[in-house]
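Below are the chains, spelled out letter by letter.
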Amino acid sequence: PWPHARNSNMASTRRVLHFVFKVANRTPTIQFYRNILEMKVLRHEEFNEGCKAACNGPYDGIWSKSMVGYGEEDNHFVVELTYNYGVKKYERGNDYQNICIFSKNAFANVRKAGYSFTQEDDGALRIESPGGYPFLLYDQNSTYTDPVQSVCLSVSNLTKSIEYWHKLLGMTIYSQTDTLVTLGYADNQVKLQLKQLDEPVNHAEAYGRIAFSCPRSELPDIEKSVRDAGYSILTPLVSLDTPGKATVEVVILADPDGHEICFVGDEAFRQLSQVDPKADQLINDAISNDQSDEWFAEQEKKILMKSKTTTS
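Residues numbered from 1 in each chain as written. Predicted model: local features only at pLDDT ≥ 70, side-chain atom pairs only at ≥ 80, totals over all residues. Heavy atoms only, no water.

## Let's talk about the confidence of the model for the protein chain
For any part of a model where pLDDT is low, the fine detail of the predicted coordinates should not be relied upon.
Working step 1: When pLDDT is averaged along the protein chain, the result is 92, and 92% of the positions lie at 70 or above.
Working step 2: Taken as a whole, residues 4-10 scores under 50 in pLDDT and shows twelve contacts with residues more than four places along the chain or in a different chain. (pLDDT = per-residue confidence, 0-100. Contact = heavy atoms within 4.5 Å.)

Here is the structure:
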């Protein structure tokens, strides 16, 4: 759907991977992705402590990560659902606009299921996942492998954002108006859209993160160039472990509006992100065995007992 990129005379070594959503209730969330969007659970992982790169947000407790999408992560843009046990709600800001999907099946499923929607002027159905994250569904199938077309984020200064994403991070421009720019690393990859707001960008509690991969050798240079340009490095180059899977290295950045950006070494990430045939069963079991309320009550009890011991 996009015209060829400007100045895209060489193949990029980078690719867009996924967008992270915080979810407070896994049951309706997974049903939405399975039954409405017809995505698949590709892998599911449980963690006993908070991520060193704040992948699950500013939380130190137990959490889970579920990757869902239309196909393997090597050639599909997917969604990462992070669930912090015991967190019942995340306040939404205005930082995330939508994910756009071309899928006749998903479009039809909305009406079949009686799912709430509003219809846009161009015919798209605007729906929200549990938790309030918007998606735009079009009644057509993608000409690419991936039905996902774009992810759109809010910005407060489009010119400054283009300077960051295009000139500093090397994304090419596919289209541009006074209020919207479409960027990407390759013609056949999902695009990033940045939409101008007339108010400050508010990330609130539900803020997400967009992830890209690059050769591991590029990570130090990305960190240095962003730091030298005076922008934020949220997490300097660090190794992240996943039990039983490959260790990856990441750098976490923040753009001019504070959107979190993860760059991960591609070689190890391709090993980590292999589809797990047990993923569906793993998340089903995790949901049925969720005792987070009891776990957090026990933690609060321990803290209270420790406090009493210290003061006595």
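## Re the layout of surface pockets
Working step 1: One number sums up the size of the largest pocket: a volume of about 480 Å³.
Working step 2: If you trace the largest pocket, you find 28 residues lining it, with Phe 47, Cys 51, Cys 55, Leu 240 and Asp 241 closest to the centre.
Working step 3: At the level of elements, strand 1 (15-22), strand 2 (40-47), strand 3 (63-69), strand 13 (209-214), strand 15 (248-254), strand 16 (260-265) and helix 5 (266-272) are the ones that each hand at least two residues to the lining of the largest pocket.
Working step 4: Its residues placed into classes, the lining of the largest pocket shows 16 nonpolar, four polar and eight charged. (1 Å grid on protein atoms, 1.4 Å probe; cavity = no way out; pocket = protein on both sides within 12 Å on 5 of 7 lines; lining within 4 Å. Points joined across faces, edges and corners; volume = space filled by probe spheres on them. Helix = DSSP H or I, 4+ residues; strand = E, 2+ residues; numbered from the N terminus. Nonpolar A, V, L, I, M, F, W, Y, C, P; charged D, E, K, R; others polar.)

## With respect to the sheet that holds strand 5 (residues 96-102)
Working step 1: Read from one edge of the open sheet, eight strands run 6-7-8-5-9-12-11-10, paired in mixed fashion. Looking at the sheet topology across the chains shown, the edges are occupied by strand 6 (118-119) and strand 10 (172-176).
Working step 2: The sheet contact formed by strand 7 (residues 125-128) and strand 8 (residues 134-138) spans four bridges and is antiparallel. Looking at strand 8, one finds that Ile 127 is bridged to Phe 135. (Pairing = 2+ DSSP bridges.)

## Describing the packing of helix 1 (residues 26-36) against helix 6 (residues 279-288)
Working step 1: Two elements in contact, helix 1 and helix 6, have axes whose closest approach is 10 Å; the angle formed by their N-to-C orientations is 155°. One finds that helix 1 runs roughly antiparallel with respect to helix 6. The chirality of how helix 1 crosses helix 6 is left-handed. Only Asp 280, Ile 283, Asn 284, Ala 286 and Ile 287 of helix 6 make contact with helix 1, whose side of the interface consists of Arg 26, Thr 27, Ile 30 and Arg 34.
Working step 2: Of the residues contributing to the contact of helix 1 with helix 6, the split by class is four nonpolar, two polar and three charged. (Axes fitted to C-alpha atoms, helices over the stretch in contact; angles between N-to-C directions. Parallel < 35°, antiparallel > 145°, perpendicular 65-115°, else oblique. Left-handed = near helix turned anticlockwise from the far one by under 90°.)

## Focus: the packing of aromatic side chains
Working step 1: The full count for this structure, using the stated rule, is 19 aromatic pairs.
Working step 2: Aromatic pair Trp 165 and Phe 212: ring centres 6.2 Å apart, planes at 55°, arrangement tilted. Remark: Phe 212 occurs in strand 13 and Trp 165 occurs in helix 3 (residues 158-168); sequence separation between them is 47 residues.
Working step 3: Residue Trp 165 is classed as buried on the basis of its relative accessible area of 0%.
Working step 4: A connected cluster of aromatic rings, assembled from ring pairs, spans Phe 19, Phe 21, Phe 32, Tyr 33, Tyr 96, Tyr 115, Tyr 133 and Phe 135.
Working step 5: Lying over the aromatic face of Tyr 207, Lys 22 brings its terminal NZ or CZ to 3.3 Å of the ring centre.
Working step 6: Taking the ring centre of Tyr 174 as reference, the NZ or CZ of Lys 191 above it sits at 4.8 Å. (Phe/Tyr/Trp six-rings, centres within 6.5 Å; stacked < 30°, edge-to-face > 60°. Buried < 20%, exposed > 50% of the residue type's maximum accessible area, 1.4 Å probe, protein only. Lys NZ or Arg CZ within 6 Å of the ring centre and 35° of its normal.)

## Some thoughts on the nonpolar core
Working step 1: Core analysis: the biggest nonpolar cluster contains 64 residues, and Leu 37, Phe 135 and Trp 165 have the highest contact counts within it.
Working step 2: Sequence-distant contacts of Phe 135, that is, excluding residues within four places in its chain, are made with Phe 21, Phe 32, Tyr 33, Leu 37, Tyr 96, Ile 99, Ile 101, Leu 125, Arg 126, Ile 127 and Ser 129.
Working step 3: Phe 47, Ala 211, Val 238 and Val 248 belong to the second largest nonpolar core, which has 18 residues in total. (Core = buried A, V, L, I, M, F, W, Y, C linked by side-chain atoms within 4.5 Å.)

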